[in-house]
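# Residue-level structural notes
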Amino acid sequence: MNRPKPSSIRRPSNTKPSGHPPPGDFIALGAKGQSSEPKAIPALLKPASSGLPQDRKREASSSLPSSSSLSSLSKRPKHSSTPPSALSRLAEVSAVDKRSISPSIKEPSVVPVEVSPAVLLDEIEAAEAEGNDEHIEGVLCGAVKQLKMNRAKPDMTLYLSLMFLAKIKPNVFATEGVIEALCSLLRRDASINFKAKGNNLVSVLACNLLMAAYEEDENWPEIFVKVYIEDSLGERIWVDSSHCKTFVDNIQTAFTTKMPPKSMLLQTEIGRSGGDLSAGNSPHPSTPDEDEGQTELLIAEEKLSPEDDGQVMPRYDELAESVEEYVLEVLREQLNRRQPMDNVSRNLLRLLTATCGYKEVRLMAVQRLEMWLQNPKLTRPAQDLLMSLCMNCNTHGSDDMEVISNLIKIRLKPKVLLNHYMLCVSLHKVLFTEQPETYYKWDNWPPESDRNFFLRLCSEVPLLEDTLMRILVIGLSRDLPLGPADAMELADHLVKRAAGALSDDLEVLRVERIQLIDAVLNLCTYHHPENIQLPAGYQPPNLAISTLYWKAWLLLLVVAAFNPQKIGLAAWDGYPTLKMLMEMVMTNNYSYPPCTVADEETKTEMINRELQISQKERQEILAFESHLAAASTKQTITENNSLLLSQLTCLDPKGPPRRPPPHVLDQVKSLNQSLRLGHLLCRSRNPDFLLNIIQRQASSQSMPWLADLVQSSEGSLDVLPVQCLCEFLLHDAADDSTSVDDEEEGESKEQRAKKRQRQQKQRQLLGRLQDLLLGPKADEQTTCEVLDYFLRRLSSSQVASRVLAMKGLSLVLTEGALKDGEERDQLMEEDSGDAELLPGYQWLLQDLPKLPLFDSVRCLTSSALQQAIHMETDPQTISAYLIYLSQHAPVEEQSLHNDLALDVARLIVERSTIMNCLFSKHSCRPESDAVLSALISIFSTYIRRMRKTKEGEDLYSWSESQDQVFLRWTTGETATMHILVVHAMVILLTLGPPKGESEFYTLLDIWFPDKKPLPTAFLVDTSEEALLLPDWLKLRMIRSEVSRLVDAALQDLEPQQLLLFVQSFGIPVSSMSKLLQYLDQTVSHDPQTLEQNIMDKNYMAHLVEVQHERGATGGHTFHRLLSASLPPRRDSSEVSRAKVTVETAHGSVKMRAVSQVPVIGPEDDLAGILLQLFPLKVDPRWPPPPVRPLSLALQQTLAQEVLRARQGHVQQGGPTGRLLQALAALLNSAHAGALVTAMHHSHTISCPLLRQLHLHQRLVSQDVGFSSLFFNTIVQMLTWLENSALETGPLHSLLKSLAAQYSHKHRVTDVRTGFLHLAEALAYRRDSEVAVRGIIASLRAGEKCNAEPELIRKVLQDLMEVKSPYLEELLSLLMTIGTETGTPGHTAGPVAMLISLLLQETEERGVKIEVDSKITESKKPGSCSGLLVDWLEQLDPEVTSVCSDLQQKLLFAQNKVKYGVSLAPSYRPYLLALLTHQSNWSTLHQCISSLLNKHRDQRLDPTSALDFLWACSHIPRIWQGRDQKTPQKRTEQFVLKLSSEELISLVDLILSESELSCRDSDTSKSALDQVSCSLLQSRLPLLRSCLHSDLDNVKKVSEYLISCVKKWGDSVMSKRCQTLLLQIYLHFPEVIQHLRLPETTLSAEGAADGSTCKLDVLVHRLITLLADTGDSESAENRASDASLACRKLAVSHPVLLLRHLPMIAALLHGRIHLNLQEIRQQNHLTFFSDVLVILELLQPLVFHSDHQRALQDCLLSFIKVLQNFKRSSRMPVINKFVQFIQKYINHDAASAVPFLQKHSDVLQGLSTENPDLVQLKSLLAGLTLPVKCGSSESAAEDRDAEDSSSGSLPVLNISASMPLTDMTKCLKKISKGEAIEDVFEGLTEVDEKSKRNPEIIQYFVNDLQRLMSSPEEVCRNMAFTLALRCMQNIPSMAAEFLPTFMYCLGCGNFDVVQTALRNLPEYVLLCQEHADILLHKAFLVGIYGQIDTSSMITESMKVLRMEATT
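Source: prediction; values computed, not measured.

Reading the values: the criteria
- Residues numbered from 1 in each chain as written.
- Predicted model: local features only at pLDDT ≥ 70, side-chain atom pairs only at ≥ 80, totals over all residues.
- Heavy atoms only, no water.
- Helix = DSSP H or I, 4+ residues; strand = E, 2+ residues; numbered from the N terminus.
- Buried < 20%, exposed > 50% of the residue type's maximum accessible area, 1.4 Å probe, protein only.
- Contact = heavy atoms within 4.5 Å.
- Areas by Shrake-Rupley, 256 points an atom, 1.4 Å probe, with all protein chains shown as cover.
- Polar contact = N/O pair within 3.5 Å; in protein donor to acceptor, adjacent residues only side chain to side chain.
- Salt bridge = Lys/Arg side-chain N within 4 Å of Asp/Glu carboxyl O.
- pLDDT = per-residue confidence, 0-100.
- Pairing = 2+ DSSP bridges.
- Axes fitted to C-alpha atoms, helices over the stretch in contact; angles between N-to-C directions.
- Core = buried A, V, L, I, M, F, W, Y, C linked by side-chain atoms within 4.5 Å.
- Phe/Tyr/Trp six-rings, centres within 6.5 Å; stacked < 30°, edge-to-face > 60°.
- Lys NZ or Arg CZ within 6 Å of the ring centre and 35° of its normal.
- Left-handed = near helix turned anticlockwise from the far one by under 90°.
- Nonpolar A, V, L, I, M, F, W, Y, C, P; charged D, E, K, R; others polar.
- Patch = residues over 30% accessible without salt bridge, like charges linked within 9 Å, V, L, I, M, F, W, Y side chains within 5 Å.

## Points about the overall build of the chain
The secondary structure content of the chain amounts to 97 helices and seven strands. Residues counted as buried form 49% of the 2006 residues belonging to the chain. Here the contacts in the chain between residues at least 6 apart in sequence split such that 74% fall between residues at least 24 apart. Accessible area for the chain stands at about 97,800 Å²; split by element, carbon and sulfur atoms hold 51% of it.

## What about the side chain of Thr353?
Position of Thr353 relative to the elements: it lies in helix α14 (residues 346-354). Among the polar contacts made by the side chain of Thr353, one reaches the main-chain carbonyl oxygen of Leu349 at a distance of 2.8 Å. When neighbours within four sequence positions are excluded, Thr353 is seen to be in contact with Thr257, Met259, Pro381, Asp384, Leu385 and Ser388.

## Things to note about unusual backbone geometry
That bond from Tyr592 to Pro593 is cis: its omega, -5 degrees, falls within 30 degrees of zero. Among the secondary structure elements, Pro593 is positioned in the loop between α26 (576-587) and α27 (600-631). Across the junction of Gln1739 and Pro1740, the peptide omega takes the value -5 degrees, indicating a cis bond. With respect to the helices and strands, the residue Pro1740 is situated in the loop between α81 (1724-1737) and α82 (1748-1762). Residue Arg236 is not a glycine yet carries a positive backbone phi of 55 degrees. In this structure, Arg236 sits in the loop between α9 (223-233) and α10 (245-252).

## Things to note about the pattern of salt bridges
Counted according to the given criterion, the structure contains 30 salt bridges. Between Glu872 and Arg802 there is a salt bridge, with the nearest N and O atoms lying 3.2 Å from each other. Remark: Arg802 occurs in helix α35 (residues 799-813) and Glu872 occurs in the loop between α39 (854-868) and α40 (875-888); sequence separation between them is 70 residues. In this structure, Glu872 and Arg802 share a single accessibility class: buried.

## Notes on the confidence of the model for the chain
In the predicted model, the chain carries a mean pLDDT of 75, and the fraction of residues at 70 or more is 72%. The model gives residues 738-743 a pLDDT under 50, and that stretch makes five contacts with residues more than four places away or in other chains.

## Looking at the environment of Thr877
Counting through the fold element by element, Thr877 comes out in helix α40. Sequence separation of Thr877 and Tyr841 is 36 residues, and the distance between their C-alpha atoms is 7.7 Å. Beyond its immediate chain neighbours, meaning those up to four positions away, Thr877 contacts Met806, Tyr841 and Glu872. Looking at Thr877, its side chain comes within polar contact range of the side chain of Tyr841, at 2.4 Å.

## Re the sheet that holds strand β4 (residues 974-978)
Taken together, three strands build an open sheet; the order of strands is β4-β3-β5 and the sheet is antiparallel. Strands at the two margins of the open sheet, each flanked by one partner only, are β4 and β5 (1016-1019). Across the sheet, the mean angle from the axis of one strand to that of its neighbour is 30 degrees, orientation sign disregarded.

## Concerning the nonpolar core
The nonpolar side chains of soluble globular proteins are, as a tendency, buried together. Core analysis: the biggest nonpolar cluster contains 190 residues, and Phe939, Met977, Trp1007, Phe1008 and Phe1118 have the highest contact counts within it. The biggest single contributor to this core is helix α24 (residues 546-562), with 14 residues. Look past the residues within four positions of Phe939 in its chain and what remains in contact with it is Ala901, Val904, Ala905, Ile908, Val981, Ala984, Met985, Leu988 and Leu1003. Counting 119 residues, the second-largest nonpolar core is a separate cluster that includes Leu1697, Leu1738, Leu1823 and Phe1941.

## Focus on the packing of aromatic side chains
Going through the model one piece at a time under the given rule, you end up with 24 aromatic pairs. Ring plane angle 75 degrees and centroid distance 6.3 Å describe the contact between Phe1727 and Phe1728, whose orientation is recorded as edge-to-face. Among the residues examined, Phe1728 registers a relative accessible area of 2% and is labelled buried. Taken together, the ring pairs connect Tyr214, Trp220, Phe224, Trp238 and Phe247 into an aromatic cluster. Above the plane of the ring of Tyr326 lies Lys226, whose end atom (NZ or CZ) is 5.6 Å from the centre. Above the plane of the ring of Trp969 lies Arg947, whose end atom (NZ or CZ) is 4.6 Å from the centre.

## A few points about the packing of helix α8 (residues 201-213) against α10
Close contact between α8 and α10 brings their axes to 9 Å; oriented N to C, the two are set at 60 degrees. Helix-helix and strand crossings are classified by hand; for α8 and α10 the assignment is left-handed. Contact with α8, carried on its side by Cys207, Leu210 and Met211, involves Thr246, Phe247 and Asn250 of α10 and no other residues of that element. When the residues that make up the contact of α8 with α10 are grouped by side-chain class, the tally is four nonpolar, two polar and no charged.

## A word on a nonpolar patch on the surface
On the surface, Trp445, Phe453, Phe454 and Leu457 cluster together to form a nonpolar patch covering roughly 440 Å² of accessible area. With respect to the secondary-structure elements, Trp445 resides in the loop between α19 (437-440) and α20 (448-459). Exposure remark for Trp445: the relative accessible area of 51% places this residue in the exposed category.

And the structure:
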């Protein structure tokens, strides 16, 4: 039976055991005694069983102490008390000998006992039974001695016995003596004959015996390495033996070398047979002969060899450093010998190969490697060394970087060496590009039948981008032996091999770096020999090697196909040649120019350009080669003898695409067929190369390749883009249109089959497209893509393209094409009438709107059709487009509606031919009426929308406004639109109304209202009045049959325009008649201008006659004007009736028949007669014409009509009325002044005429129109005369008398006329009393007020200015009776009028106010605002419900500010009160929303707006029905609920009010700041109530204020924002947890003033508790908690605590009278210490100027208390006080030094009593130096000087913390200490030192966090204590312990959780911003962990309720 093996930790010993070792797994754990060795820890010994895992074995072994080399030589423990054996001493000696030149191995120190081999086993058994280990050791040493003496032929029984013994009891060989003996067998024996043949059997036996003994040991002795080194440098007897491989491999683990595989080592087979004799080494030792025992020993060796069962593992982990040092010394000694460098042993190189795991060995070897490689004797081992060196050079240190640098510099010329070098850098073989036999020739595996399969598995794999880039970089580098051609070849092979392994689910060739393109192209570059000098100034061209150049393009083509998004896109955009190749493989067309070139012109240009580039290229190459030849062969270079011409090409990759050679095109074609490159590129959708080609070609060229592409898709149409399918459909549609449906007779069967197949494919394709549009899976994107492809072609400039697009749309949209005929007919019956009129456009008018996703394509379709109507030439198509647009165009957005109107307007205005074709009367197109109705519908909808827009609303951008006009109608509506749109609508109106229902008359009424003026137009960009109707448009209007248009066109025409129009053709007879009538009137009004513009009177007269023959009427006066200067052509009968003519010869008026009084007929032009009676211009050179007869005739005519009126026969339209109308017309013209002057001079004629008119007016007083017109005429004439410089004459007197007679009636028959008279009287400052009384009388009599509101407002305003006493009476009547005018929708009403009057009065008074006037508006005399406000209240009790915009302007608009004074109207508070108390909720809500709307148009008065908002929240009605008494526990209720935008507007109002209040420049800056601050504070209650205490609202407002602070910089407005932000922070301190407030805000003034703070009560309580020095334990606890809370508050909210600094100073001052004993006994010193800590935490804000007084009061209390301290330098409070005042001096020396100098005597006395206070002495020394004096404000203004002065103080920089060097030991103990005692000792030391200087704890934070979860209670408790102390001293660090504390609460260790819970209340107080998380976690621990956490949670809540700060 085998004895169980002991543990792997064996310790040699010479003691004898007491008996046999116990059987089984029992192991003796102790020893009787050991003199100098400590007892081994039993728990660390492993059991005899080897069943433990390997890692457990290593852990056990590594845990033993390794203080000496005995551990490395130990084997099994012996029970002995004797000293260590000789082997221990051997290890110690070896440590010294290892520095010798060669390994020195001592002889065995045990006396050998030689016994017969036959009794060897029995002898050992007997000795073991006796426990005599020394005898066993001696017997084994004797056996080794016998083997040593018979190396050549060892005794068979002996070695078999030893082998058997090693099998059953390997531990017996693990003693020092046996190890020494066996190692002696492995050394070289000098006594053996070196020339004889060697025998290594004894050495092999010794190796295997040692391996069996140490197989399970992890720590091997160093002696094994020494004998290995000796044999490696010697004969390598056993080192290279395969039977010793496991032993040797385990020794080599000491070198950590990665050995190359067997197949890669060139010396493997030779090395295994022993030493290499060829290198000059000694022969193997041998004996003269051998016998049969040799064979048996070999068999035994094979059985004994542990190669199969043994294991290789690290054996020298603990001796790694010593082994490395030993090996390096040996190698240095070998390499530094004085011998030729080439005389180096091969074995040394092999040893270097085995030890390349050491970086120093690699560095030593690489420096000599090139020389060894060149030595033919050392070639093979040097190559192995190179391989090992490359495999182990894997670090990034400087040594390996140098190794790599030396490797790169190696130059190898022989091909064998070069190939091996390449093999060593892992290239061809690693990439599997060698011949197949390279990979299976070594071990002939796999079998021949599987070789190709395995090779494909290994080689046909994806190619990494890094691999490809590295190969290219190697090829580009000149230092590496792989040339550009080889690199290109290798890269090309790898790329194509990877591309061939294409798989749908695997990326085989992913490349993302664009640099690959340049890298590949750079490999093609041609570099001329460097030794050739080119001529100076010659720049060689950029050339490439042609073969490499085109191979590079092919490689990039493959990469681009597999990476379209990166490489493909870059190639497409930047490399034309590569783009051409991509297009070739996509179109499967390999011609040049490519088939994708659209037109022949471009193709010709490409061919010519290629010829030019080729010729230039040849010239450059010849010139370049000539320069090369001139520098070398001196040969003349021509095209015939050129060598480079056929090998080089120009390298311009981004230039024009070059023609590929034929063989390259063949390669491209082959690549495309094998790798399907075109398919990959066509499949790419992003980028979409295929779509780019299709869109580029469009219909300009046939695309047969597209048909092939679709045909080859094999039903997978989803792969292709829908645009491709659409193009194929159009392609087939074009083919179908050119072919006949029936089969041709000449077609073969194959052609017919192909045709049927193509038709089937077309049907499949059509079904696919219809399914995409109409199917259940139709989606928005696909629908848009399909329709967009067709719709874009509708605006093509080619007719064929447009026709094909419509045909394609008809195919894909006609769903009925797939239905039966009956269903199709039924659908057609349901169609609309438009489709019947246009049957060919059913796809547009019916099918398109029925799409499932029609709403998604409405905008797309309309936009395409709007563009198409400008390109289309077919009237029917345009008709269909217009009908569709009128029905389905999206007009929801204003911009889309504008575009639609403008596009249609351009069609109407600019495409007159199409319009004439559509609406010609001769064509009679059936769809004309439908199209006209559609156009009218489009524009009527548009104009209605535009008229609803508000004035000033921006509908167009600035760049578009140049052609925009602003339109204003008389009814008040306004609109802004393009001038072409206006012209288009007018053109449509000229066409007349269409048949059927339409909005024609609605549009006509808008533009040309009946008997009302036209709208006025103004340019948007310049605000100038625009010409709405140009002459060409007026001409079209005149040609129209719409009479209203004709009348509008003829108004206000100049003479030249009339003459132009009358000569135009195509004017209807009715319009011509009106033209001639207007010409007659022009003759009467302005004959001179008319005559000046007539070029040919004869022609014009003939033209008038022709028009008369057509049937036109009128124009007789004009004809007479023309005929006057012509020869008479009439007989006497034509002048039977004498009429007035104008003779142009001398400008005089003559009568043709003066013998009798002329008769005034009904057709005579009375205006012309008046101009004859009162000529405007009189030439003094000619006598005036006789006007007496004409005057008499006119008076006679008027007298006859008066007579008839007296008889009761009133004639409507008689001469009197016509004369008055003519006179009024002339007075309203430009000649009014001249006419009145002429009447003044000819008063003998004018006065009788006026009297006759007045007589007629009295007779027909019931004719209100005549009376009003007569009165207006009288007033106008009187006005002209009064304003002129003429003397008062009869006419003036008559006019004044008539006006007075008419006014004295005190009643006017027409109120409007009365207002007109009153307005004129007020305007000219005449007596207005009569007119006012007349109006009042009319209103009282029941007359309705028919005057316009604007007129009434103007009159009332003038009455207010003149302070009329009748104002109130008139206003009362107007408001009582009401008004009757105004159109629906107009805003001009009584309320609007009152508001306008109030606003006007306010503005005028604001302008008139003086600079120094301080009189309020209520004290000003004559103000009418009270009267207006009273009526406003009567009309609208809610104040803002009728005209909300105007009323809100009245209430809240900001008045103009002049000279710094802004006065709000006096009536505004009253109106605001009415609004607040009388309005309903909806009115108030609307008003609030309007006020807080950020897009409001007007600027508000912030005071009025804020007062209103405050009043809204305090309306009594809100609180009606509530409790009268306020409950004790009530929650604040908020009234105003504002959105975030409204809150921002509220903040803007508050800031604006503050800004307006400080505009008075006379006030000082400090006073302004105080006013601004107080104003902001007064508005805080309103802001707080609107914020609702909602943290999100507070955050939004604070973020806005912070942004304003940044925006305004250092301005005054920024300071106001900071003030408001500070006030918000005071009321909502929690906002600081979510936002970072600016530092200037927290340090701003105003924090300590009279403003309130949310936490004032709480902070006051905390400070009170802190100052409570009661004796009870509860008082101490409260004071402690208060101290923690104050410290936390000082860190989190220092501003809030600094507000109470005066209170702290007062509490300190109340204790200064106590002596030292009282202070200590009553615990007052604790309060002083706490206050000092709080002051330190409040730095640097505590040093601000606002807190100087309170701070100095605190310091004064400290100084007075310190007076009582005698020798108390050890008191920490003194040191802290000195440190604090030092910081005070450093921060503000200008304030601190004068204060301290006042009390320097106290400090001096304290320093005298405590001489060891060095810091205080240094401080006092600094106080004696001169310091710049001044206040803190001046110091703040000159900070640089202050810093320099304070820096001059020679005061030591006092640091409260201890240096880190003093804490190094503690840190090591805590962080690295393994024993609990060491860690606790370090914590205790930190605890003691931190009591005086708590700052040092922060250096141990990481370790404390780790120890807080320690399972050891003492360490854990101490860690918690120190952590809390650290947080108490630095509260800001509390958050850093949050993760640790949460982990402790959540860990599964009960003790850790309990410790955390015990410290929970104190930690919650310090980290209260996360209190909710902590308490929630504690609650969960209690729920799920079955731990009672309620008490700790309750305690924490108590602390928080009393001292919470947030």
